[in-house]
Amino acid sequence: MLSKVKTVSSALALSVGLLTCSQGMAAAPILNQMQAEGQLPSLAPMLKQVLPGVVNISVKGKKEVQNQGFQFPEEFNFFFPGMEDFGFGPGPRNRKPQHRQFQALGSGVIINAKDGLVVTNNHVVDDADEITVQLSDGHEYKAKLLGADKHTDLALLQIKDAKNLTEIRFTENPIEVGDFAVAIGNPYGLGQTVTSGIVSALGRSGLNIENIENFIQTDAAINSGNSGGALINLNGELIGINTAIMAPSGGNIGIGFAIPSGMVKTVTDQLLKYGEVKRGLLGVMGSELTPDLAQSFGYDGNSGAFINEVMKGSGAEEAGIKSGDIITAVNGKKITSFSQLRAEVATQRAGEDIDITIFRDGKYQDLKVKLKDDIKKESSSSVSEGDAEDISPALAGASLSNGKKGVKVDDVVRGSMAMRLGLRRGDLITGVNRVEIEDLDELKKELDKVEGKISAIRINRHGQTIYITLR
């Protein structure tokens, strides 16, 4: 049983997109020439051009650690003044922070030979005071951190005074499951290592490795120390930056994860230009689309992002997106889940326009949305007692009454099922899925129909329509 997902603290390697040597030779023609001459198939000619584009990274720094020394009761502090400096004392508030030295190894990919730009994982260089980049020929150079983004776990470095660097170009071709993939990195500090496999899956998320996840999954062997390395295709083009492995015992079991090259390019472009990533906000809250929800809203597709709520004043609201919509594409790219929607939007900068395709009332619509950098969301709190468990167990803790064309939520007990569901005092329940309800009897009737299925309750909150997903 797979028990653990961990980042690979060296450089996951499989990212060398159509690289250019100093001579500018492409890798693909060499493979074609070999086949024409009847030679045995080999990746060696391509790798000879690509390998110089992957580097080893070593870092040194200090990290603050919590001193867990013996604790004297605070009343005895008077008798032992200054002992907190040595790890003793009444508690952390009176103790000086402790630091420890650390060293780490990782990998990186040269993406711009002229300017000496290297991309790696943020967790490889995080808290580093000194960063050293070693090229494949053994030469070492000090590197400067130009910017980092913790949400995608990417960092951009620059090395100066290095000559004859080899860069790896980003692929411009779509990646598909089944494509061959090659990983290059520095596992366990052994030095540059090459492994091969295929693209096992795309759009992996929910692994809780990073804040924004849209991983390529590969079975190319990846181990600790590969972090920041390249995942490349057979043309020598960079398709991803290796980041993590699924490892029940700390070693490779054929499940590795890489950040897609498209996300890498978008983030590194922003880091180079601005020194940071200023993300645009779409202004929606949503959930994964289930077969039950799709059927309830007349959608015959099996992928998309269900929109529960649209924030007031957001770009989404101004563009006409509504709760209950299903987003099926962003900038022409198919959206398979809400997690993917989040990842796609998160790589766009505030102020940019994006094209979004939605499904509503049996029809597809194309909308243009301008992303904003800040959305002020109204919040409401509620305390009091009440119980609607006789309507549905999921509504336990809410006090309900018949309102004007709907069921009014009079109160919600803090910490109750109803509050965890998302109900708030003052809400007006107006529908279940696409069915209008006007009173408690109709609410109970419709909830009984969908019992055991994932459904959506329509709410009117402060004049705004939102959906709450009921599981």
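Structural notes, computed from the coordinates. (Residues numbered from 1 in each chain as written. Predicted model: local features only at pLDDT ≥ 70, side-chain atom pairs only at ≥ 80, totals over all residues. Heavy atoms only, no water.)

### Comments concerning the nonpolar core
And step 1. Core analysis: the biggest nonpolar cluster contains 32 residues, and V109, I111, V119, I184, I232, L238 and V264 have the highest contact counts within it.
And step 2. The next biggest cluster of nonpolar side chains, apart from the first, holds 23 residues, and it includes A394, V412, I437 and I466. (Core = buried A, V, L, I, M, F, W, Y, C linked by side-chain atoms within 4.5 Å. Buried < 20%, exposed > 50% of the residue type's maximum accessible area, 1.4 Å probe, protein only.)

### A short note on the environment of G178
And step 1. Note that G178 resides in the loop between β8 (154-159) and β9 (180-185).
And step 2. Contacts of G178, omitting those with residues within four sequence positions, involve I198 and V199. (Helix = DSSP H or I, 4+ residues; strand = E, 2+ residues; numbered from the N terminus. Contact = heavy atoms within 4.5 Å.)

### Some remarks on the pattern of salt bridges
And step 1. Summed over the entire model, instances satisfying the criterion amount to twelve salt bridges.
And step 2. D325 is the salt-bridge partner of R360, the closest N and O atoms lying 2.7 Å from each other. A residue pair is termed long-range when its members are at least 10 positions apart, and R360 in strand β19 (residues 353-360) and D325 in the loop between α6 (315-319) and β17 (326-330) qualify at 35 residues. No difference in accessibility class separates R360 from D325, as the two residues are buried. (Salt bridge = Lys/Arg side-chain N within 4 Å of Asp/Glu carboxyl O.)

### A look at the layout of surface pockets
If a probe as big as a water molecule is rolled over the atoms, it shows which places are left empty.
And step 1. Each pocket or cavity is described by its volume, and for the largest pocket that value is around 840 Å³.
And step 2. P260, S261, G262, M263 and K333 are, among the 29 residues lining the largest pocket, the residues nearest its centre.
And step 3. Of all the secondary-structure elements, those providing two or more residues to the lining of the largest pocket are β10 (193-204), α4 (261-274), β18 (333-334) and α7 (338-346).
And step 4. It is α4 that provides the largest number of residues to the lining of the largest pocket, a total of five residues.
And step 5. Here the lining of the largest pocket is composed, by residue class, of ten nonpolar, twelve polar and seven charged. (1 Å grid on protein atoms, 1.4 Å probe; cavity = no way out; pocket = protein on both sides within 12 Å on 5 of 7 lines; lining within 4 Å. Points joined across faces, edges and corners; volume = space filled by probe spheres on them. Nonpolar A, V, L, I, M, F, W, Y, C, P; charged D, E, K, R; others polar.)

Note that every value here comes from positions in space, so none of it alone points to a role or purpose.
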